[in-house]
Protein chains: 2
Amino acid sequence: MVVDGMADESAETVDRLFHALADATRRDILRRCVRGELSVSRLAAAYPMSFAAVQKHVTVLERAGLVTKERRGREQLVRTEPDAVRRARQALDELESAWRARVDRMSGLLARDAGATTGPVTPARDGTTTEGTDR
Amino acid sequence: MVVDGMADESAETVDRLFHALADATRRDILRRCVRGELSVSRLAAAYPMSFAAVQKHVTVLERAGLVTKERRGREQLVRTEPDAVRRARQALDELESAWRARVDRMSGLLARDAGATTGPVTPARDGTTTEGTDR
DNA sequence: CCCATCTACAACCATTTGGTTGTACGTTAG
DNA sequence: CTAACGTACAACCAAATGGTTGTAGATGGG
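As recorded in an unreviewed UniProt entry, chain A goes by the name Transcriptional regulator, listed as coming from Streptomyces pilosus.

Draft legend 1. Spotlight on the relation of the copies chain B and chain A. In the superposition of chain B on chain A (RMSD 0.1 Å, axial shift 0.0 Å), the rotation amounts to 180°. On the angle and the small slide along the axis, the relation comes out as a two-fold axis. Both copies present the same face, since 90% of the interface residues in chain B are matched by interface residues at the equivalent positions in chain A.

Draft legend 2. Expanded view of the packing of helix α2 (residues 24–34) of chain B against helix α4 (residues 51–63) of chain B. Residues and elements named next belong to chain B. The geometry of α2 relative to α4 is characterised by a closest axis approach of 10 Å and an angle of 75° between their N-to-C directions. Overall, the two elements α2 and α4 adopt an arrangement that is roughly perpendicular. Judged by residue contacts, Thr25, Arg26, Ile29 and Leu30 of α2 engage Val54, His57, Val58, Val60 and Leu61 from α4. Broken down by class, the residue content of the contact of α2 with α4 amounts to 6 nonpolar, 2 polar and 1 charged.

Draft legend 3. Local environment of the pattern of salt bridges. For the coordinates displayed, the defined rule picks out 20 salt bridges over all chains. As a salt-bridge pair, Arg27 of chain B and Asp15 of chain A come within 2.8 Å of each other at their nearest N and O atoms. Of this pair, Arg27 of chain B sits in helix α2 while Asp15 of chain A sits in helix α1 (residues 7–21), on two different chains. Of the residues examined, Asp15 of chain A reaches a relative accessible area of 23% and is grouped as partly exposed. For Glu70 of chain B, the salt bridge identified is with Arg79 of chain B, shortest N-O distance 2.4 Å. Through salt bridges with shared partners, a single network forms among Asp28, Arg31 and Arg32 of chain A together with Glu94 of chain B.

Cut-offs applied
By convention here, each chain's residues receive numbers from 1 onward along its written sequence. Here the convention is simple: chains get letters from A, ligands get numbers from 1, in the order in which they are written. Restriction of local features to residues with pLDDT of at least 70 applies here, the model being predicted, together with a cutoff of 80 or more for giving and counting side-chain atom pairs; totals for whole chains, interfaces and linings are based on all residues. To get the side-chain values, all heavy atoms of the structure are used, and hydrogens and water are removed first. Copy-to-copy alignment: least squares on C-alpha atoms, limited to residues at pLDDT 70 or above in both. Any two residues whose heavy atoms approach within 4.5 Å at even a single point are treated as in contact. Only the stretch in contact is used when a helix axis is fitted, and all axes are lines through C-alpha atoms; the angle between N-to-C directions ranges over 0 to 180 degrees. Numbering of helices and strands runs from the N terminus, with a helix taken as a DSSP run of H or I at least four residues long and a strand as a DSSP run of E at least two residues long. Working rule for angles: under 35 degrees goes down as roughly parallel, over 145 as roughly antiparallel, 65 to 115 as roughly perpendicular, anything else as oblique. Residue polarity follows a fixed list, in which Ala, Val, Leu, Ile, Met, Phe, Trp, Tyr, Cys and Pro are nonpolar, Asp, Glu, Lys and Arg are charged, and the others, Gly among them, are polar. Salt bridge criterion: a side-chain nitrogen from Lys or Arg within 4 Å of a carboxyl oxygen from Asp or Glu. Buried means the residue's accessible area, taken with a 1.4 Å probe over protein chains only, is under 20% of the maximum for its type, while exposed means over 50%, and partly exposed covers the values in between.

Structure representation (C-alpha cells):
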C-alpha cells in the first residue's frame, strides 16, 4: 500500500534531503533565499568563508531539490523550492504516524486488559521479545 | 517572532537531528523501534553489518535525542523518543512559515500588479537585494 | 576593446563518517 | 564455577565532507 511507486529512489532522496538540512550554513542559506532569491556571490558575502565553499553548499541544496538556480545575466539566482520542505516533513510524518499507531494499539490493549478478556490476541511476534517473564 | 528561546544550542542540536535522520539504516532503526523497543543485538541481527556498526548508529540516534537506551538485565533496550521528531518538524515549520510569509507578500504585490502593468516587466520586485548592502 | 564581476570547476588538505576487527567486562544460564 | 551472551570501546581503514586556492569561461560596463 501507500504508493511505494518510487520506493527505490526515495531512500537516497531522503538521505540527500536530510543531509542538506544537517548544516547550519545551508539552513541559513535557505532562510535567506526563502525571503527572496539571491545571487550566489551575494550569498557568499554573508558568510565567513570563500565563494567556492558557499557555491558547494548551494550545490548540495540543489541536489537535494531544496533550491533551484536560474541564470540572470551573469548572475545565478538561487531560490528555494517549497515542495522539498514538504517532502522532508512527509518523511517525518511517516515516523510520527507509526508512533501514533503504536500508541493506539497499546491503549487498545490496555483497555482490553482492563476488561480482562484476554484472548489469543497477544501479538508476541511484534515485540520479538521472548523475555516476557524471565527473572 | 518566537525567537527560539535557546537559539544558541539549537543550531548544533538541529545539526545532530538532521544528520541522524540522513541515513537509511538509522531511519529504519527508528521505524523498528517505534513499533516496540528492541535490544541492540536484536537490531543488529536485522542488518548486513557488524554489531559494532549498528551500535554506532544507535549512538548517533541517541546523541540526537531520537532514541533512549534503557538497561534491562544484560540487554539494552532502544526506544524512540517522539519529542525529537517533533523538534525536527518544528525546524521545518520555521522554514515553511518563512516561505508562506513570502508568498503572502508576493500575492499582495501580484494583486496590485494585476491592475497596473501588463508588460513583460518585472517591477523592482527585488527589494531584498538592494536592502542587504552589507559591504 | 578592455576590465571587472560572477560563475564553474579542478586539485588539494584536514577532519569526520561509516564500516571493520579485536578485546574486555558485566550478566545470565547450566 | 564456567561458558555463552550482550554490550562497550579502542584501533584502524576507505571514502565522503567541508574547507581552501587557483585557473578559466561568460557576461556586462565604460
